[in-house]
2 protein chains.
Amino acid sequence: MTYSHFMNESQTLKAERKIKEKTARRDAILKAAKDAFFKNGFMETTVEDIADSCGLAKGTIYLYFKSKEEIYVSLMTKGLELLKKEMLKAASAEYDGDKILYQLLAIYYKFYLKNRKYFRIIFLSSHPDVRRRVSGELLKSSVETANDCLGILNDAIKRGIKSGSFKQTDPWQAANILWAMVNGLIMKYETDPIYREEIVGIKLEKILIESLNLFLDGLRIK
Amino acid sequence: MTYSHFMNESQTLKAERKIKEKTARRDAILKAAKDAFFKNGFMETTVEDIADSCGLAKGTIYLYFKSKEEIYVSLMTKGLELLKKEMLKAASAEYDGDKILYQLLAIYYKFYLKNRKYFRIIFLSSHPDVRRRVSGELLKSSVETANDCLGILNDAIKRGIKSGSFKQTDPWQAANILWAMVNGLIMKYETDPIYREEIVGIKLEKILIESLNLFLDGLRIK
DNA sequence: ATAGAAAAATGACTTATAGTCATTTTATGA
DNA sequence: TCATAAAATGACTATAAGTCATTTTTCTAT
């Protein structure tokens, strides 16, 4: 009682440390999960694999995540956050909308090359069959991060309209179209590595640039 | 021996009937599987569910399909074939490329509205984690059907170039871009029904038409 | 019609894994 | 140092994919 103000202070510190430790452990689990999912995919990774590779018992994993799906979707959010960070860097330049979009595409493509497996997680996590097994809260945070990425596109397009290089149009709608186009192309390429070349016969980088050209052509003032 | 030529004939008939019966049973399984997958999704449908609902034992299912994934991917191929049929109908009109593309989009959207669950199957079946558990042969046939759909777009764009309404461009590449854009948008809408409206705030039909307008704007001769 | 062979179907069984929970271990605080 | 709370454990339960020895049905030759 006498030292209650100290105690409160130290209790606060303790509590903070506890939270930090919890977060650290959660991150360790996610790191192990990332390795396992990257290596063997969602279906063929077991929760025990993940537990083993971070030196915990299976039951412990369930103290941090409600289900295998929740681990997976948490990883997706991490992937989206990484992507968002990269996109923000590219978008911060003082260029016009036009040039920023090319830069964003370059960043996006580079991110894809370095993080193909993350794209697979994003792709599968977006499916209703996975999502139905995940809490609304977790979904919301992933949706918000994806939304932030779209917001960056939105800003770039807005800038282009303001500067007069793009025609008057709904930037949010345009951003969604561009996002869908680029993701659709990547997904198509990701779908089947074996048959890929023979289906399209076009290099991904080339078709991505062409698609942006086409998009900008439609967006520019004639 | 004496009647060997008759026997051969009747044997051929018998064999044909056998094949027909096999196909019919396979189709019955696929029909039951469709209902089950539509209702409960991939993860929460069991092979026993499928077997029960078409009055067969679980083991019998495995005489017709190598795995649950193969049933699923076979359904995807069926879905793509339906879509292809619809698209062919729309594309057979004697219109110019421009108008055909609008028609194709309308057909595609209508198909989506009537077959949302098929889209989910197509979406999930396209994922490497599902595909890795499916035989190359089966994958090839699904890839070919998807390819045929793209071919229809390709033809329409070619026609537009020939008639002079579209600029000189690689029609195959343009077809892939259009396909990716439309699928990307639908996927985005399919991803999360709960948050959908608040993310995009745009009706799907409207944004699909807008995206085609933008695409055509980029494609048309200025 | 019938026996014997071939084809098709069966479902109990094996194996694997997600998720639980009573018990044990570790950390905290007086 | 002990009591209490928090964290971790892993044996256990439940469920479901896929197998295969056995049974049932269909076909064929006489």
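Each remark here, short or long, concerns the structure printed above.
Residues numbered from 1 in each chain as written. Chains lettered and ligands numbered in written order. Predicted model: local features only at pLDDT ≥ 70, side-chain atom pairs only at ≥ 80, totals over all residues. Heavy atoms only, no water.

Engineer: Hey, could you run me through the pattern of salt bridges in this one?
Structural biologist: Once the charged atoms of two side chains with opposite charge are near each other, the side chains can pair. Residues and elements named next belong to chain A. Applying the stated rule across the entire model yields 24 salt bridges over all chains. Here K84 and D148 are joined by a salt bridge, their closest N and O atoms 2.8 Å apart. Linking K84 in helix α4 (residues 68-91) with D148 in helix α8 (residues 136-162), this pair joins segments that are 64 residues apart in sequence. When its relative accessible area of 34% is taken as the criterion, D148 is described as partly exposed. (Salt bridge = Lys/Arg side-chain N within 4 Å of Asp/Glu carboxyl O. Helix = DSSP H or I, 4+ residues; strand = E, 2+ residues; numbered from the N terminus. Buried < 20%, exposed > 50% of the residue type's maximum accessible area, 1.4 Å probe, protein only.)

Engineer: Honestly, the relation of the copies chain A and chain B in this entry has me stumped. Any pointers?
Structural biologist: Superposing the two chain copies requires a rotation about an axis and a translation along that axis. Under the fitted operation, chain A is carried onto chain B by 0.0 Å of movement along the axis and a turn of 180°, and the coordinates agree to an RMSD of 0.0 Å. Considering both components of the superposition, the chain copies are consistent with a two-fold axis. When the interface residues of chain A are mapped onto chain B, 100% of them are again interface residues, pointing to one common binding face. (Least-squares fit on C-alpha atoms with pLDDT ≥ 70 in both. Contact = heavy atoms within 4.5 Å.)

Engineer: What is the right way to read the protein's contact with DNA strand C from this model?
Structural biologist: In the neighbourhood of DNA strand C, 20 residues make up the surrounding shell, with R17 and K58 of chain A together with R25, T60 and Y64 of chain B lying closest. Of everything in DNA strand C that lies within 4 Å of the protein, sugar and phosphate atoms constitute 67%. K68 of chain A places a polar main-chain atom, nitrogen or oxygen, 3.1 Å from a phosphate oxygen of DNA strand C. Taken together, the elements giving at least two residues each to the surface near DNA strand C come down to α1 (4-40) and α3 (58-64) of chain A together with α1 (4-40) and α3 (58-64) of chain B. (Near = heavy atom within 4 Å. Polar contact = N/O pair within 3.5 Å; in protein donor to acceptor, adjacent residues only side chain to side chain.)

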